[in-house]
Amino acid sequence: MTGAHDGAAPPVPSADIDRLAGQLGRILRYGVSLGALLLTVGGLLVALQASPSDLQRPLDLLDLRPWLGMSPGIELLLAGIAVLVGTPIARVCASVLAFHQARESDYAALVSAVLLVLVASVVVGLLL
Amino acid sequence: MLSLALALLGILLLAIGAGALGSLLGLGGGLVIVPGLVLLFGVDVHFAVACSLISVIATSAGSASRYASRGLLHLRLGFFLEIATSVGALFGAFVTAFVLLGAAGSEVLYGAFAAVCASAVGLLYRDLKRGQVTVPPPDRLADRWRLHGTAPPDGDRPATAFRVGRARTGLALAFVAGCASGLLGIGGGIYKVPAMTGVMGVPIKVASATSSLMIGVTAVAGALVYLAQGDVLPLIVAPVAVGTLAGTFLGTRLHEVASTRTLKLAFILVLLAAALIMVLRGLGVSSL
């Protein structure tokens, strides 16, 4: 974006960041496509095999054993959830790198802080 | 076994409808998914919120990737506000997952949901009246973080530079939007977009695109709390996420044939009905 900025607006260095937008778009597109594919195939297989009581069975991250081998396709389904949740995390990581390379250290720090909030979410969910 | 397949099919159809409606109206599907799962399928409200958040991640990634290729994403603004939305989502999810447990907690959630539905109605109604972008006063914080940007060309209109203001208020509203997202399993775009257009002076298309990008990380911040706490039902996540994505795709195709105004009016009625039922449930009056 090289639009004319009026008056006191500081110039915005943007070539690197424009490239980043395209890169993030690709990460999101691939991530959501793969996640949806895994959930569709896994969901179909599970729908044919699992028992109705499994419908309301919650996922315990610390103990996946009861799930694995429960029915064909369940691993695909769990992988689908992991890919979907991992997709925005991957785009935050890519952004930290891009801002670092573009020497925008303030934004590299800000985006790293977003990543820390995500880590805090897991810690809060596990500890409390 | 047949009943399992039927339940999954029913949830899939609900999610397709929610996704289509959501994309037609520029809202996420969460506002429909959560009451739908609770009222139609008897899913506990905590689980419904957790499953809805995962589908919100999927829809956000899908729509943000389309906006990225049209040059509408304002990344700096997105990251600037994202810190507030993700902290808000962490807080909101914490409240739902740990504080609002049991029957009393569900009543509070029903109430909060009704409040969000009502405010969505208010914003949609205001949106029917007008859709103006305000020009904000100069703002040092926005200068410091280089938040000003340029909207790409649109039809006959050339690329236009815009200045962002009231960054502090924007951050506060983003925090509120994040809380609503983590608390209720919605994307929170209904608050983020008006905050950017009405308060900070961002053009509507850039605001919607940037909001859709932010929603993904916001929802992940909430979803991770629920995942780690053990509130995610994998068998329900699959039809909800796949259905919402398919519905969103359908919605963008329907865009040309449907009248947005009629749809918004219809949606206002649906939301009011959902809000009323949730309030009655919260009060223990209704077994609906």
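Refer to the preceding data block for the structure.
To start, this report covers the structure provided alongside it. For clarity, every value in this text was computed on a predicted model and none was experimentally measured. (Residues numbered from 1 in each chain as written. Chains lettered and ligands numbered in written order. Predicted model: local features only at pLDDT ≥ 70, side-chain atom pairs only at ≥ 80, totals over all residues. Heavy atoms only, no water.)

Glancing now at empty space enclosed by the protein. Per the stated rule, a full pass over the model turns up two cavities of 30 Å³ or more. The computed volume of the largest cavity comes to approximately 50 Å³. Considering the residues around the largest cavity, the lining is formed by Leu-81, Gly-170, Leu-173, Ala-174, Tyr-191, Lys-192, Ala-195, Met-196, Met-200 and Met-214 of chain B. Where the lining of the largest cavity is concerned, the elements lending two or more residues are helix H7 (167-184) and helix H8 (189-200) of chain B. Here the lining of the largest cavity takes five residues from H8 of chain B, the largest share from any one element. Tallied by class, the residues present in the lining of the largest cavity amount to eight nonpolar, one polar and one charged. Of the pockets and cavities examined, the second largest cavity occupies roughly 40 Å³. Looking at the second largest cavity, the residues that line it are Leu-28, Pro-88 and Arg-91 of chain A together with Ile-57, Ser-60, Ala-61, Ala-64, Leu-213, Gly-216 and Val-217 of chain B. Listing elements by their share of the lining of the second largest cavity, those giving two or more residues are helix H2 (74-101) of chain A together with helix H3 (45-69) and helix H9 (204-229) of chain B. It is H3 of chain B that contributes the most residues to the lining of the second largest cavity, four residues altogether. Across the lining of the second largest cavity, the residue classes tally to seven nonpolar, two polar and one charged. (1 Å grid on protein atoms, 1.4 Å probe; cavity = no way out; pocket = protein on both sides within 12 Å on 5 of 7 lines; lining within 4 Å. Points joined across faces, edges and corners; volume = space filled by probe spheres on them. Helix = DSSP H or I, 4+ residues; strand = E, 2+ residues; numbered from the N terminus. Nonpolar A, V, L, I, M, F, W, Y, C, P; charged D, E, K, R; others polar.)

Residues and elements named next belong to chain B. Running from N to C, H3 and helix H10 (residues 234-254) cross one another at 35°; their axes reach a closest spacing of 8 Å. Crossing handedness for the pair H3 and H10: right-handed. Contact residues: H3 offers Cys-51, Ile-54, Ser-55, Ala-58, Thr-59 and Arg-66, while H10 offers Ile-236, Val-237, Val-240, Ala-241, Thr-244, Leu-245, Thr-248 and Thr-252. (Axes fitted to C-alpha atoms, helices over the stretch in contact; angles between N-to-C directions. Left-handed = near helix turned anticlockwise from the far one by under 90°. Contact = heavy atoms within 4.5 Å.)

All right, on to the interface of chain B and chain A then. Tallying the contact residues gives 64 residues for chain B and 63 residues for chain A. Summed over both sides, the interface between chain B and chain A buries roughly 5500 Å², with carbon and sulfur atoms accounting for 76% of that surface. In terms of surface lost to chain A, no three residues of chain B exceed Arg-76, Phe-79 and Leu-235 of chain B, which account for 13% of the buried area on that side. Our count for the contact surface shared by chain B and chain A stands at five salt bridges. (Buried area = accessible area lost by both parts, 1.4 Å probe. Salt bridge = Lys/Arg side-chain N within 4 Å of Asp/Glu carboxyl O.)

Here the focus is the layout of surface pockets. Its volume calculated, the second largest pocket comes out at about 280 Å³. Lining the second largest pocket are 15 residues, with Gly-43, Leu-44 and Ala-47 of chain A together with Leu-8 and Leu-12 of chain B sitting closest to its centre. Those elements giving two or more residues to the lining of the second largest pocket turn out to be helix H1 (15-49) of chain A together with helix H1 (2-25) and H10 of chain B. Among the elements that make up the lining of the second largest pocket, the one with the highest residue count is H1 of chain A (six residues). Looking at the lining of the second largest pocket residue by residue, the class counts come to 13 nonpolar, two polar and no charged.

According to the stated counting rule, one finds six salt bridges over all chains in the structure shown. Ionic pairing is found between Asp-106 of chain A and Arg-146 of chain B, a salt bridge with its closest N-O pair at 2.9 Å. Linking Asp-106 of chain A in helix H3 (residues 105-127) with Arg-146 of chain B in the loop between helix H6 (140-144) and strand S1 (149-151), this pair reaches from one chain into another. Just as Asp-106 of chain A is buried, Arg-146 of chain B falls in that class too. When the shortest N-O distance is used, the salt bridge between Arg-163 of chain B and Asp-143 of chain B registers 3.3 Å. In this pair, Arg-163 of chain B sits in the loop between strand S2 (160-162) and H7 while Asp-143 of chain B sits in helix H6, placing the two residues 20 residues apart along the sequence. The exposure class assigned to Asp-143 of chain B is partly exposed, which follows from its relative accessible area of 26%. One salt-bridge network, held together by shared partners, links Glu-104 and Asp-106 of chain A together with Arg-76, Arg-144 and Arg-146 of chain B. (Buried < 20%, exposed > 50% of the residue type's maximum accessible area, 1.4 Å probe, protein only.)

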